[in-house]
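Chain by chain, the residues run as shown.
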Amino acid sequence: MKVCIKTENLSNGCVTDKKQPTFTLNVTSDKQGAELKRAQISVGEWRAETNGRIHIPYGGKPLKPFTEYEVKVEAEDNFGEKACAESAFSTGRIDTPWQAKWITDGSYKFTDKKTSPVPMLFEKSFKIEKTIKSAKIYCTAIGIYELELNGEKVGEDFFAPGFTSYKTSLQYQVYDITSALKPENTLACTVAGGWAVGAFVFTRKNRITAPRQALLAEIRLEFEDGTSQVLGTDESWRVTLGGKLRFAEFYDGEIYDATVDESKAAWRLSSIEKVKINPSIAVTYGSMVRAHEVFKPVSVKKAPSGELIYDFGQNLAGVVRFKVNGKKGQKIVIRHAEVLTENGELNTVFLRSAKCRIEYTCTDGVQRFTPRMTYMGFRYAGISGVDEKDIEAESVALYSDIEDNGSFECSDPLINRLQENIRWSGKSNFVDIPTDCPQRDERMGWTGDIAIFAPTACYNFDMTRFLDKWLKDVRSEQTRHGGIPNTVPVQGYGFPATMPKKAIAFWGDACVFVPYAMYLAYGDINVLKENYQTMKKYVKACKWWANIGVGKHRYIWSDLPMMQFGDWVAPDVPKMGQWQARCKWTGTASLAATSGMLSEIAKLLGNEKDEKYYKKLNSKVCDAYESVLTDGNGKLKNEFQTAYVLPLYFNMFGADTKRKAAENLVKLIEKNNYCIGTGFPGTPYILFALADNGYADVAYKMLLNTKCPSWLYEVKAGATTVWERWDGLDEDGVCRIGNDGTGGMISFNHYGFGSVGDFLYRRIAGIQPTSGGYKTFRVAPVIGGGLSFAKGEVNTPYGRIVSDWKIADGVFEINVEVPCGTKAVIALPDGTEREVASGKYNFSAEL
C-alpha cells in the first residue's frame, strides 16, 4: 500500500491564498478488493480523520501569510496495511495589504491604434548586508512581465501574470530568489502590453484594460537574526523605454536589439500609477505557461525567395530558439507558418493581420535568443539575414503546465497518429486559457471549442487548475440575464456580452458541459456547486430564447441564424450562412442537453425541486424536437447528419423513433461514402450515435475512412494537429477554401474536431465513468474495424485505470486494472458482465 497527497491539486510547489486549502489522497495497493479504511491528515495542530479521498478541506486555525506548512497523512486499508506520506505547501499574502505601489513610466502616452506599446523596463538595485534566511518576490503587472535577477531569468513562467478577466481577477506570482542573491543585486522587470494593453482580438483593439503598462512587486527579505525587509515598487525604481526589447505582441511578434546598451538608456524614476480597475489579486491559481518539448529541424531548404525554410516536423504553439554566430548590426528575421505554398514558400495568408515575426539585431560573436513575450502557431519557420552554417534553430513548445493524465493506442497506426494530433492540438491551445487557435489574429477563449473538447481534454491531461481558473472568469463574465460571452475572457470582443438575454447554443453550453466533464473525470463535487447558479441562469436565458413560438414551438430554438453559429463549419454545405441556418436544430438539441445535464447535476447536489424542474423541461424540449422537426416516424423534415446525431446522443427520442432515426442517419452516411457531414455540435457525438444504436460497423467505417472529409484524411495528408476545417488542404497539399463568408478562415491547429478522442477512450478502450472521478466505471470495449488490440490508461483521483485488450485466434482477451476503493463492471463482447473491486484482472471470451 502506498499513499501520496496533493494540496490544491499540486503534488509540490503549492502556494495558496485560500483560507481552507483542500487535500486529495492517492492510495494504491496491489491487493484485490483493497480500499481506504481510514486516513488522518495533519497540518500543525490540526488533525482530520477521513475515509474520503477528494478535496478534503483544511479545518484548523487560520493560516498565516508567508508561511510554509507541512502536511502529513497516515492511511490504513481494509486489510490493515498502513502507509504514510509528507508534503508541504506555502501561503501567499492571504489578506496582507500590499506595501508596494503600482508604478509606470508616467511620461509614456500610448495612443496608437491596432498595435502594442513599447515594452517598459524597470530596475531596482539593492544590497544584502546581513545573512539571508529567505528571499521571495511577489509580483504582478498590468500587461505581461518577466523578471531577471543579476542578468538571469527568474522562474520558468511565460506571460505572467496570466490571462484573466482583469476587471475582476488578477494573479500574482511568488518566486524564491534566496539562492540567487549576491551582496549587490539588480532586479530588472520587463513589462509588455500582453492581453491587457497590447493589441488583441481580430479587430486589433488595444488598451482594453489600461492605457499603459504598470508593475506591482515586493521583494520580501527575511534575515537569520529575525528581522525582515520589504522592497516594494515605488518612485525609487528606475524605468526606461529604451531596453533591448523594442516591441512585443502576441500577434506580430518581437523586435529585439542585442546591440542596445541598457546602462546608457534614458532612465527616469518611475511614477505612481492610478490603476482604474480594482480586481481581486490572488496568488497563481491556474497553470502557468512554460517551455516543454523541443524539436530539431527535420529539414532545411532554401525557398525561391532565398529564405531558409526550417521544417520542425510538428505543428505547435511556441517559439523558435536559436544560437547564432553574428556580427554587430546584423539583422535576422524569422517568420512562421503552419503550411507552405505550392512553390515551397511560407503560407502566411491564413494568419490574416498577424505578422508572426521575430526581428533580432545581433551583437558580435556567438549569442543565444529565445522570444519571451510572444508565441506563434507554426510547423515551419522562414529565416533570413543569416547563412545556414551560422545559425542553429529549434522550436520550443509553450503551453500551460498541465500534467499528462491519460493515453490511448491501438493496432491502427493512423488512429495512433490521430491520437497524437488530438493531444498536440490540446497542448497548442492550452496557453493560459483554452483558445481556438495559436497562430492567426485570434487566440481567444472561444467557449464552443472547449465545450465539446472538455471530456477529451480531461482524459488526456490534468485540467483541474487550468479549467477552474477559466470557469472563474466564465462566472465573472456572465451577463446579467444569463448569457455567456462567445469568448472568455471577453477582453475586447463584446458579442454577445453586450446583448441582453443572448445565449449562443453549444458555445454558452460550456458553462454546463465543462464543469460536468470535470466532475466525471476528477470527482470534485465543488466544481458543480461553484458553477450551479451560472448554469441555471444560462439555461433560463436559453429557455427565453426558445420561448418565442406557440404550442410546442415554445421549446424550439428561434430561427434567427445570424445570431447563432448553428452547425459550424459542417462540410456538407459550403457557406457560413448555411451552417448558421441550422440553428433551429442545434439550438433545440442544446437546450435538451443542458436541461438534462442540469437535472443530473441538481440530483447530485441534492436539489430535488430543481432536478424535477429541469427533467420536465428536458422532456418537453425532446418532445418538441420529435413533434415539430420530424415526421413523427424517425425521419427529419430537413435531413442532415448533425440533426440526427444530437437527438440520438442526447437520448431525445423514444425507443421506436430512435431506432428509425438511427437507420436514417446510416442512410445519409452511406450516401455520403462514410464521410463526415457534421460541424462543431455534431462531430463529438456521431460515432457514439452510431455505435450505441447498433451500428458499430458504420462508426468504424467513418473513423477509418481516409477520404475527405474525415479524421484520417487529415492524418494521411501529413497533419500533426487537428484542423479547423475538414477540407483544409486538398490531396495536392493546397488549400482551396473559397468565398464561404468566413474571409478565408482556416487554422491547422484547432482541437474542436479532436473531440472524437472521447470515442476512442470510452468506446474503443471502453473506459466509461458511471460516477464522479471514476469511483464506479464500466469497461466495455466496442470491437470492430479490424483492430487487433487497443489500450487505454487514465489517472483518476483513486489511481490508474487500465483497459488493455487484444484479439487473437478468435479469442478476445482483456487485462484490466481497477484502482483502490473503486468498483467496475467489465462487459465482454459475448454479452457477459463481471463486477469487480480494486485489483488486476484478466478475462477472455470466444468471438
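The coordinates are above.
A few points on the structure.

So, how was this worked out
Residues numbered from 1 in each chain as written. Predicted model: local features only at pLDDT ≥ 70, side-chain atom pairs only at ≥ 80, totals over all residues. Heavy atoms only, no water. Pairing = 2+ DSSP bridges. Helix = DSSP H or I, 4+ residues; strand = E, 2+ residues; numbered from the N terminus. Buried < 20%, exposed > 50% of the residue type's maximum accessible area, 1.4 Å probe, protein only. Contact = heavy atoms within 4.5 Å. Axes fitted to C-alpha atoms, helices over the stretch in contact; angles between N-to-C directions. Parallel < 35°, antiparallel > 145°, perpendicular 65-115°, else oblique. Nonpolar A, V, L, I, M, F, W, Y, C, P; charged D, E, K, R; others polar. Core = buried A, V, L, I, M, F, W, Y, C linked by side-chain atoms within 4.5 Å.

### Examining the pairing of strand β7 (residues 68-77)
Part 1 of the reasoning: By the bridge criterion, 6 bridges tie strand β4 (residues 36-43) to β7 in an arrangement that is antiparallel. The partner of I41 across the bridge, within β7, is V73.
Part 2 of the reasoning: Bridge count between β7 and strand β8 (residues 82-91): 9 bridges; the pairing is antiparallel. Bridge pairing in β8 places E74 opposite C84.
Part 3 of the reasoning: Count of turn residues in the β7/β8 antiparallel hairpin: 4 residues, of which G80 carries a positive phi of about 90 degrees.

### A closer look at helix α10 (residues 641-649)
Part 1 of the reasoning: The buried fraction of α10 amounts to 8 of the 9 residues, a majority that puts the element mostly inside the structure.
Part 2 of the reasoning: Looking at α10, one finds that the buried residues are Q641, T642, A643, Y644, V645, L646, P647 and L648.
Part 3 of the reasoning: Packing partners of the buried residues in α10 comprise α8 (583-604), α9 (608-629), α11 (655-671), α12 (686-691) and α13 (696-704).
Part 4 of the reasoning: A positive phi of about 55 degrees marks N651, the residue just after α10.

### Overview of the pairing of strand β1 (residues 2-7)
Part 1 of the reasoning: Here β1 shows one buried face, formed by V3, I5 and T7, and one open face, formed by K2, C4 and K6.
Part 2 of the reasoning: With 6 bridges joining them, β1 and strand β3 (residues 22-28) adopt antiparallel strand pairing. For C4, the partnering residue across the bridge sits in β3 and is N26.

### Let's talk about unusual backbone geometry
Part 1 of the reasoning: Here the amide bond leading from A160 into P161 is cis, since omega sits at 10 degrees, within 30 degrees of zero.
Part 2 of the reasoning: Among the structural elements, P161 can be located in the loop between β13 (152-153) and β14 (169-176).
Part 3 of the reasoning: Following C708, the chain continues to P709 via a peptide bond in cis, the omega torsion being 5 degrees.
Part 4 of the reasoning: Here P709 shows up in the loop between α13 and α14 (711-716).
Part 5 of the reasoning: Of note in the backbone geometry, N651 takes a positive phi value of approximately 55 degrees without being a glycine.
Part 6 of the reasoning: Mapped onto the fold, N651 is located in the loop between α10 and α11.

### Looking at the sheet that holds strand β40 (residues 823-827)
Part 1 of the reasoning: Read from one edge of the open sheet, 4 strands run β35-β36-β40-β41, paired in mixed fashion. If you trace the sheet from one side to the other, it starts and ends with β35 (767-769) and β41 (833-836), each paired once. Ignoring strand direction, the axes of neighbouring strands in this sheet form an average angle of 20 degrees.
Part 2 of the reasoning: Note: strand β36 (residues 776-779) against β40, 4 bridges, orientation parallel. Residue pairing across strands places T776 opposite K823, the latter belonging to β40.

### Some points on the packing of helix α2 (residues 413-428) against helix α15 (residues 757-764)
Part 1 of the reasoning: Where α2 contacts α15, the axes come no closer than 10 Å and their chain directions differ by 125 degrees. By the angle between their directions, the pair α2 and α15 is classed as oblique. From α2, I415, Q419 and I422 reach across to α15, where they touch G757, L760 and Y761.
Part 2 of the reasoning: Looking at the contact of α2 with α15, its residues break down into 4 nonpolar, 2 polar and no charged.

### Side note on the nonpolar core
Nonpolar side chains in soluble globular proteins generally cluster together in the buried interior.
Part 1 of the reasoning: If you look at the biggest cluster of nonpolar residues, it comprises 236 residues, and the most contacted ones within it are F159, F430, M463, L703, W711 and I764.
Part 2 of the reasoning: Ranked by residue count, the leading element in this core is helix α5 (residues 510-522), at 11 residues.
Part 3 of the reasoning: Dropping the residues within four chain positions of it, I764 is found in contact with F408, Y700, L703, F759, P781, V782, L787, A790 and W805.
Part 4 of the reasoning: Formed by 25 residues, the second largest nonpolar core is a distinct cluster that contains I41, A48, V73 and A85.

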